[in-house]
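Architecture at a glance
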Amino acid sequence: MVQKDQLMSLKKFTLNDVAFEEAKWKELVVQNEINLIKSYVSEGGLALAYERAEKNAWIVRTLRDKKQRYMFPKCSNLVMIGSGMYPYSMFDVYKQYPHINQVGLEIDSKRATISKKLIEASPAKDSITIITIDGEEYDYSWLGHDDLVFVSVDVNHKKIIEKVLETSKAHINICAPYDKTWLKNLLRSFS
């Protein structure tokens, strides 16, 4: 139950506050990935990023939650929009479905560079490609009806989804933990 002082706090919460909280959440995610990568380097090298990648990470979890995991064995190509600096979810897909050719799209060139280094140090180096590009600018027309596209939750996805649907036959998903989960958690903090 919401207390009176919490309700007053919530009433004072503006759209600017929401934007600030979203930016803070995104920065926390980035900082956590940086710290994890630094720990791998100090413990034994970049190859640990692949070895210790979480099993059933966000890409796999998305289709598992939708009871559509059966799509992975038929998939030939997977595009991850907003692949980030640590492509642990793409590593997980490679470990479970090594036949899938994966392309990560990352708008930030520094994050893409780090991601490429992690991939190069892994057994997935011939199956995962990272491209520095805005997902709105990418050509999805080569994807077939059994192929998959995943959009990271921290990507502004509306125009990207429209483009994928208009130009390809691929199935598109917002990656778990799903759109605006951070906002739901923020609102729960008021209760």
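Residues numbered from 1 in each chain as written. Predicted model: local features only at pLDDT ≥ 70, side-chain atom pairs only at ≥ 80, totals over all residues. Heavy atoms only, no water.

Moving on, we get to unusual backbone geometry. Residues apart from glycine generally show negative phi values, whereas peptide bonds are mostly found in trans. Unlike most non-glycine residues, N56 shows phi in positive territory, near 55 degrees. The class of N56 is buried, set by a relative accessible area of 18%. (Buried < 20%, exposed > 50% of the residue type's maximum accessible area, 1.4 Å probe, protein only.)

Burial of strand β1 (residues 77–81) is extensive: five of the five residues sit out of reach of the surface. Because side chains alternate across β1, one face comprises the buried residues N77, V79 and I81, and the other comprises L78 and M80, equally buried. Following the backbone out of β1, through helix α6 (residues 88–96) and into the adjacent parallel strand β2 (residues 101–106), one traces a crossover that is right-handed. The sheet contact formed by β1 and strand β4 (residues 148–151) spans four bridges and is parallel. (Helix = DSSP H or I, 4+ residues; strand = E, 2+ residues; numbered from the N terminus. Right-handed = clockwise from strand over helix to strand, strands pointing away. Pairing = 2+ DSSP bridges.)

So, about the pairing of strand β3 (residues 128–132). Two elements, β2 and β3, share five bridges in a ladder whose sense is parallel. The partner of G104 across the bridge, within β3, is I130. After leaving β2, the chain enters helix α7 (residues 109–120) and then returns to the sheet as β3, a path that is right-handed.

Before going further, it helps to spend a moment on the side chain of S89. The topology assignment puts S89 in helix α6. With a relative accessible area of 8%, S89 lands in the buried category. Excluding anything up to four places from it in sequence, S89 contacts A57, W58 and I59. (Contact = heavy atoms within 4.5 Å.)

Moving on, we come to the sheet that holds β4. The sheet built from five strands is open, its strands ordered β3-β2-β1-β4-β5 with parallel pairing. A strand with exactly one partner marks an edge of an open sheet, and here the two such strands are β3 and β5 (171–174). On average, adjacent strands in this sheet sit at an angle of 20 degrees to one another, irrespective of strand direction. The strands touched by helix α4 (residues 58–65) within the sheet are β1, β4 and β5, with β4 carrying the most contacts at an inclination of about 110 degrees. Set on the sheet, α6 makes contact with β1, β2 and β3; between it and β2 the angle comes to about 175 degrees. (Axes fitted to C-alpha atoms, helices over the stretch in contact; angles between N-to-C directions.)

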